[in-house]
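Analysis of the macromolecular model
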Amino acid sequence: MKIAVLRERAAGESRVSASPETVKKFIALGATVAVESGAGVTASISDEEYRAVGADVTDNAVAGADIVLGVQGPEVDQLSGANPGAWIVAGLDPFGKRERVNAYAAAGFEALAMEFMPRITRAQSMDILSSQSNLAGYKAVLVAANLYGRAFPMMMTAAGTVSAAKAFIMGVGVAGLQAIATARRLGAQVSATDVRSATKEQIQSLGAKPIFVENVAGIEGEGAGGYATEMSEEYQKAQAELVSSHIAKQDIVITTALIPGRAAPRLISDAQIATMKPGSVIFDLAVAQGGNVEGSVPDQVVEKHGVKIVGYSNTPAHLPADASALFSRNLYNFLSAFWDKEQGKPVLDEEIGNAIRLTQGGKVVNERLLA
Ligand code: NAD
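First things first, this report covers the structure right here in the doc. (Residues numbered from 1 in each chain as written. Predicted model: local features only at pLDDT ≥ 70, side-chain atom pairs only at ≥ 80, totals over all residues. Heavy atoms only, no water.)

Side note on the sheet that holds strand 10 (residues 189-193)
With mixed pairing, the seven strands of this open sheet are ordered in space as 11-10-9-12-13-15-14. Either end of the sheet is taken by a strand with one partner, and the two such strands are strand 11 (209-210) and strand 14 (302-304). (Pairing = 2+ DSSP bridges. Helix = DSSP H or I, 4+ residues; strand = E, 2+ residues; numbered from the N terminus.)

Shown next as structure tokens:
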């Protein structure tokens, strides 16, 4: 069983899909591991560190590979020389990169999309969306704090008092929860909103104030699989009114709202931005999925009505060392959980296998893609 670790080719991608720690563990399972030269450099991991744990560091890591690991999906021409039926295990962006999924099928590879990991307890340690969103939520607050021309905490000084920043977090999933915690740690007064009612208690338990639409029903409890769906027009209208009345008083807004397989919901309009104080900062974590904020542009600081609007197309890539360490563990936790000692390779079960498998036997087989 040969596992190949690729150097990422996508623009701005600084992460790597295996760390020296996980390479060592794969070898302990009985696999051989080939790491493409320079794969870890942008995540502060040298070739030497991979060699030291027993990896073969080479320019042609993919040759004879049975499993190819990536952070993002490799292009098919990067995979020539991999064994027939090899597994491609990465964040494959199945909806966005549908053509490439078809190409994996045509080339006979079995593509496994890690972002389709079901949200069940036993798969939590394999969930790349969670591990990466958590870091993204943290980084978003730091970036916003850095662009903000004032301090976050209240400070009483001999020269007078600096008042605390008011931060509003929209969307309280994994990223939003970490954004609340980070903004609180920095000393901001934090409020937050979501469409899923279960998040209200989570917001309060982090010491922030929940701001919720009260007159129209949102999503009961956690929502299906922990995910939100598109809201009714009536709800959207009520939410817009709520945001309008709240946002004018905020200094920092972090938006994180996503709906799986769809464009991100629009939460903040240009007219609402115009009501904010000059010098306020908005970080749009959904900018790469279409954006929660009108006028946000990936990887640019846009200034509208004196308000800075920012969002990275790939926020976890701005914390490459930690993001890689956690991503690598997600992949290891996944493959090792299914490792069959007798066969010397992983064998998937139906629940997880069917959820994440995109292609097999020359065909696209995933229900979510065929639907
Ligand atoms: P996500 O990235 O899909 O969305 C981010 C947040 O935006 C969600 O909380 C969503 O409800 C919210 N949102 C969507 N539309 C909105 C709107 N119009 N207005 C305001 N907010 C909106 O979600 P996520 O961070 O991946 O996780 C969501 C939930 O899943 C969390 O409760 C998390 O604890 C749970 N989860 C469970 C597991 C597991 O059990 N294995 C793993 C990961 C996450």
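From this point, the narrative continues.
A short note on helix 3 (residues 98-106)
All of the buried residues along helix 3 are Arg100, Val101, Tyr104 and Ala105. The buried residues of helix 3 occupy one face: seen down the axis, they fall within an arc of 150 degrees. Along helix 3, the residues that are exposed and aim more than 90 degrees away from the buried face are Glu99 and Ala106. Considering only its buried residues, helix 3 is in contact with strand 5 (87-91), strand 6 (110-113), strand 18 (359-360), strand 19 (363-364) and helix 11 (367-370). Following helix 3 by one or two positions, Gly108 has its phi on the positive side, about 85 degrees. (Buried < 20%, exposed > 50% of the residue type's maximum accessible area, 1.4 Å probe, protein only. Arc of directions from axis to C-beta. Contact = heavy atoms within 4.5 Å.)

Some words on the site of the ligand
Arg119, Ser130, Val174, Asp194 and Arg196 are the nearest of the 22 residues found near the ligand. Contact between the ligand and Ile120: a nitrogen atom at 3.4 Å from a main-chain N or O atom of the residue. Within the backbone of Gly173, a nitrogen or oxygen atom sits 3.1 Å from an oxygen atom of the ligand. Contact with the protein chains removes 89% of the 840 Å² of surface that the ligand exposes when unbound. Of the residues belonging to the shell around the ligand, the class tally is ten nonpolar, seven polar and five charged. (Near = heavy atom within 4 Å. Polar contact = N/O pair within 3.5 Å; in protein donor to acceptor, adjacent residues only side chain to side chain. Areas by Shrake-Rupley, 256 points an atom, 1.4 Å probe, with all protein chains shown as cover. Nonpolar A, V, L, I, M, F, W, Y, C, P; charged D, E, K, R; others polar.)

Quick notes on the packing of helix 4 (residues 128-147) against helix 5 (residues 174-185)
Close contact between helix 4 and helix 5 brings their axes to 7 Å; oriented N to C, the two are set at 35 degrees. Read as a crossing pair, helix 4 and helix 5 show a hand that is right-handed. Contact with helix 4, carried on its side by Ser130, Ser133, Asn134, Gly137, Tyr138, Val141 and Leu142, involves Val174, Ala175, Gln178, Ala179, Thr182 and Ala183 of helix 5 and no other residues of that element. Residues of the contact of helix 4 with helix 5, tallied by class, amount to seven nonpolar, six polar and no charged. (Axes fitted to C-alpha atoms, helices over the stretch in contact; angles between N-to-C directions. Left-handed = near helix turned anticlockwise from the far one by under 90°.)

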